[in-house]
Amino acid sequence: MKKIAVFCGASLGFNEIYKNDAIKLGAYFAKQNIGLVYGGGKMGMMGVLADAILKEKGEVIGVIPGLLRHEEVIHSEISEMIVTKTMSERKVKISKLVDGYIALPGGFGTLDEIFEALTLSQLGIEQKPVGILNTNGFFNHLIKQLDVMVTEGYLKQSNSDMLIVCDSVEELITKMLHYKAPKITEVTSKVVR
């Protein structure tokens with residue numbers, strides 16, 4: 001994987017453990033020559049992650065919609081900044097640039113982006129690994145909700161299994177490197193076409 005999109009908060013949250021794992025992930029990306037594609041911000045988890053990679057002379061590409069392009073938001077020291085007209089265009093651009101996706105702790109935007117990546121995989125539009133770095137059990141309740149969706153018949157187990165969940169950076173990247181996308185069903189392939 002040459003480039004990975006990371007979705008995470010514009011806030012640091014209340015527990016420093018999340019910030020520390022973002023720094024670990026950034027250092028790992030730089031060491032493995034994996035480029036970061038992210039939201040382009042300098043605040044919160046996004047800023048910490050980008051700074052960790054830049055510190056090690058790694059590649060950081062920001063993709064930000066014009067409406068968020070303010071000096072107090074935008075990271076001015078990254079390798080490349082791509083400005084899109086809309087949030088939807090931003091997602092498409094990120095999708096074209098990356099080989100996989102990771103979610104770190106964040107809010108609505110993080111969930112929106114990681115679930116869009118999963119939906120694209122479920123429909124067979126993409127076959128890229130989608131992972132969660134489950135620092136401090138941050139995503140445990142979300143994972144339980146996926147189990148409820150399977151139990152109640154709204155999500156196939158094979159689609160739930162597309163989400164790679166790990167507690168460590170190294171394990172997550174290793175599993176993403178070995179990811180094999182499930183075969184899409186005939187019904188899904190007809191819907192996509």
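This text gives an overview of the structure that appears in the document. (Residues numbered from 1 in each chain as written. Predicted model: local features only at pLDDT ≥ 70, side-chain atom pairs only at ≥ 80, totals over all residues. Heavy atoms only, no water.)

## Describing the state of the cysteines
Put simply, the rule reads: A pair of sulfur atoms, both from cysteines and within 2.5 Å, is called a disulfide here. Whether a residue is buried, partly exposed or exposed follows from its accessible area with a 1.4 Å probe, protein chains only, as a fraction of its type maximum: under 20%, in between, or over 50%, in that order.
In this structure the tally under the stated criterion is 0 disulfides. Between C8, a free cysteine, and C166, which holds the nearest cysteine sulfur, the sulfur-to-sulfur gap is 17 Å. Taking the relative accessible area as the measure of exposure, C166 reaches 2% and is therefore buried.

## Some remarks on the side chain of N134
Counted only if it meets this: Per the convention used, a helix needs a DSSP run of H or I reaching at least four residues, while a strand needs a run of E reaching at least two, with both numbered from the N terminus. Throughout, a residue-residue contact means that at least one pair of heavy atoms, one from each residue, lies within 4.5 Å.
Looking at the element boundaries, N134 is found in the loop between β6 (130-133) and α5 (140-151). In contact with N134, other than residues within four places in its own chain, are F139, N140, I143, V165, C166 and D167.

## Brief notes about the environment of L67
Turning to its location among the elements, L67 is positioned in the loop between β3 (60-65) and β4 (80-84). The class for L67 is exposed, based on a relative accessible area of 54%.

## Re the nonpolar core
What counts, and what does not: Only buried residues count toward a nonpolar core. Its members are Ala, Val, Leu, Ile, Met, Phe, Trp, Tyr and Cys residues joined through side-chain atoms within 4.5 Å.
Counting residues in hydrophobic clusters, the biggest one holds 51 residues, and the most contacted among them are V6, F29, Y101, I102, L104 and I173. When near neighbours in sequence (up to four residues on either side) are disregarded, F29 contacts I4, V6, I34, G35, L36, I53, I102 and I173.

## Observations regarding the packing of helix α1 (residues 16-31) against helix α7 (residues 169-177)
Just so we agree on the cut-off: In this analysis an axis means a line fitted to C-alpha atoms, helices contributing only their contacting stretch, and an angle means the value between N-to-C directions, from 0 to 180 degrees. Throughout, the term roughly parallel applies to angles under 35 degrees, roughly antiparallel to angles over 145, roughly perpendicular to angles from 65 to 115, and oblique to all others. Definitions for this section: a left-handed crossing has its near helix turned counterclockwise from the far helix by less than a right angle. A right-handed crossing has that turn clockwise. Residues are grouped as follows: Ala, Val, Leu, Ile, Met, Phe, Trp, Tyr, Cys and Pro are nonpolar; Asp, Glu, Lys and Arg are charged; every other residue, Gly included, is polar.
α7 packs onto α1 with a crossing angle of 50° between their chain directions and a minimal axis gap of 10 Å. Judged by the inter-axis angle, α1 sits oblique to α7. Handedness of the crossing formed by α1 with α7: right-handed. Facing α1, whose interface residues are D21, K24, L25, Y28 and F29, α7 presents V169, E170 and I173. By residue class, the composition of the contact of α1 with α7 is 5 nonpolar, no polar and 3 charged.

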